[in-house]
Amino acid sequence: MRKLLLGSVFLLGLTDMAVAAPVSYELIKEKSQLKFVAIQNNAPVTGMFKEFDAEISFDYTRPQDGKIKATIKTGSVTTDYEEVEKNLKLPEWLAVEMFPEAKLETTLISQIPSSNNYYAEGKLTLRDKTMPIVLNFQIKDFGDTAIAEGYATVKRSDYGVGQGEWANADVVKNEVRVEFRINAKKIN
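Residues numbered from 1 in each chain as written. Predicted model: local features only at pLDDT ≥ 70, side-chain atom pairs only at ≥ 80, totals over all residues. Heavy atoms only, no water.

Undergrad: Mind showing me how you'd approach the environment of I133 here?
TA: Locating I133 in the fold gives a position in strand β9 (residues 129-142). Sequence separation between I133 and K123 is 10 residues, and the spatial gap between their C-alpha atoms is 5.4 Å. Residues within four places of I133 in sequence aside, it is in contact with L104, A120, E121, G122, K123, L124, A152 and V154. (Helix = DSSP H or I, 4+ residues; strand = E, 2+ residues; numbered from the N terminus. Contact = heavy atoms within 4.5 Å.)

Undergrad: Just checking my understanding: could you explain the environment of S57 for this structure?
TA: By secondary structure assignment, the location of S57 is in strand β4 (residues 52-58). With relative accessibility at 17%, the residue S57 sits in the buried group. Residues S57 and Y25 lie 32 residues apart in sequence; the distance between their C-alpha atoms is 6.1 Å. Contact partners of S57, with chain neighbours within four places excluded, come to P22, V23, S24, G66 and K67. (Buried < 20%, exposed > 50% of the residue type's maximum accessible area, 1.4 Å probe, protein only.)

Undergrad: Honestly, the nonpolar core in this entry has me stumped. Any pointers?
TA: Among soluble globular proteins, nonpolar side chains are generally buried collectively. By size, the foremost hydrophobic cluster in this structure holds 40 residues, and its most contacted members are L94, L135 and F137. Excluding residues that lie within four positions of it along the chain, F137 makes contacts with I109, N116, N117, Y118, Y119, A120, A148, E149, G150 and F180. (Core = buried A, V, L, I, M, F, W, Y, C linked by side-chain atoms within 4.5 Å.)

Undergrad: Before we go on, may I ask you to explain the confidence of the model for the protein in this structure?
TA: Note that predicted coordinates carrying low pLDDT should not be read in detail. Looking at the protein as a whole, the pLDDT averages 89, with 89% of positions reaching at least 70. Overall, residues 1-17 carries pLDDT values under 50, and its contacts beyond four positions in sequence, including any with other chains, amount to 0 contacts. (pLDDT = per-residue confidence, 0-100.)

Undergrad: In this structure, what is going on with unusual backbone geometry? I would like to understand it.
TA: Trans peptide bonds make up most of the peptide bonds, and negative phi angles are found at most residues other than glycine. In this structure, N42 is a non-glycine residue whose phi angle is positive, near 60 degrees. Residue placement: N42 occurs in the loop between β2 (33-40) and β3 (43-49). Positive phi values are uncommon outside glycine, yet A95 reaches one of about 50 degrees. For A95, the position within the fold is in the loop between α2 (82-88) and β7 (101-111).

Undergrad: Help me out: how do you make sense of the packing of aromatic side chains in this one?
TA: Within a pair of aromatic rings, the relevant descriptors are the distance that separates the centres and the angle that separates the planes. Taken as a whole and assessed by the stated rule, the structure comprises 4 aromatic pairs. Geometrically, the ring pair formed by F36 and F49 is tilted, given 5.7 Å between the ring centres and 50 degrees between the ring planes. With F36 in strand β2 and F49 in strand β3, this residue pair connects regions lying 13 residues apart in the sequence. Residue classification places F36 among the buried positions, given a relative accessible area of 9%. Judged by centre distance (5.5 Å) and plane angle (15 degrees), the rings of Y118 and F137 are stacked. With a gap of 19 residues between them, Y118 in strand β8 (residues 117-126) and F137 in strand β9 connect regions that are remote in the sequence. Comparing Y118 with F137, the two get one shared label, buried. (Phe/Tyr/Trp six-rings, centres within 6.5 Å; stacked < 30°, edge-to-face > 60°.)

Undergrad: Just checking my understanding: could you explain the pattern of salt bridges for this structure?
TA: Any two side chains of opposite charge can pair if their charged atoms end up close together. Scanning all chains against the criterion turns up 13 salt bridges. For the salt bridge of K69 with E105, the shortest nitrogen-to-oxygen distance reads 4.0 Å. One end of the pair, K69, is in strand β5 (residues 67-73); the other, E105, is in strand β7, with 36 residues separating them in the sequence. K69 sits in the partly exposed class, given a relative accessible area of 39%. (Salt bridge = Lys/Arg side-chain N within 4 Å of Asp/Glu carboxyl O.)

Undergrad: Mind showing me how you'd approach the side chain of N183 here?
TA: Looking at the secondary structure, you find N183 in strand β11 (residues 175-186). Aside from chain neighbours lying at most four places away, what touches N183 is E26, L27, I28, K31, S32, T145, A146 and I147.

Here you go:
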């Protein structure tokens, strides 16, 4: 009986250890990127958001307990073309004065078995519209720092991005690929 009781206490202790909280990471902004690729007149148009931040908690042994919350400053959008950059900030597109931030929050992170590949289900709020989103990413490094690279495909019409004469997908395609490289350091 004593062995059974000690064994139960030991197993309970292991169970408590296995349910430890995920590790928190802080974004290293100067080493992270958030860019997009849209197709206009059958040619790629790339741009970036220069200002964004993220709260990340993650444990590779229990990815389902992880969370990612990101805030993107829409007015920080840049492209190689000054006219495109100005237009993206207008009310027909990102409406940066009315909607200065976009927000992303994950609800579930899953690992693809036997790989460093993950996908995160969540919600993206852009122009005050919230829609489901799936992030696909790979963790390149994991330790005191973590590097994750990935992408998501967003349908701009779901968020009202590109209104009026731009609502039709003939000139600017509806699907926009958002690519990210996140470099973060462990804070706990």
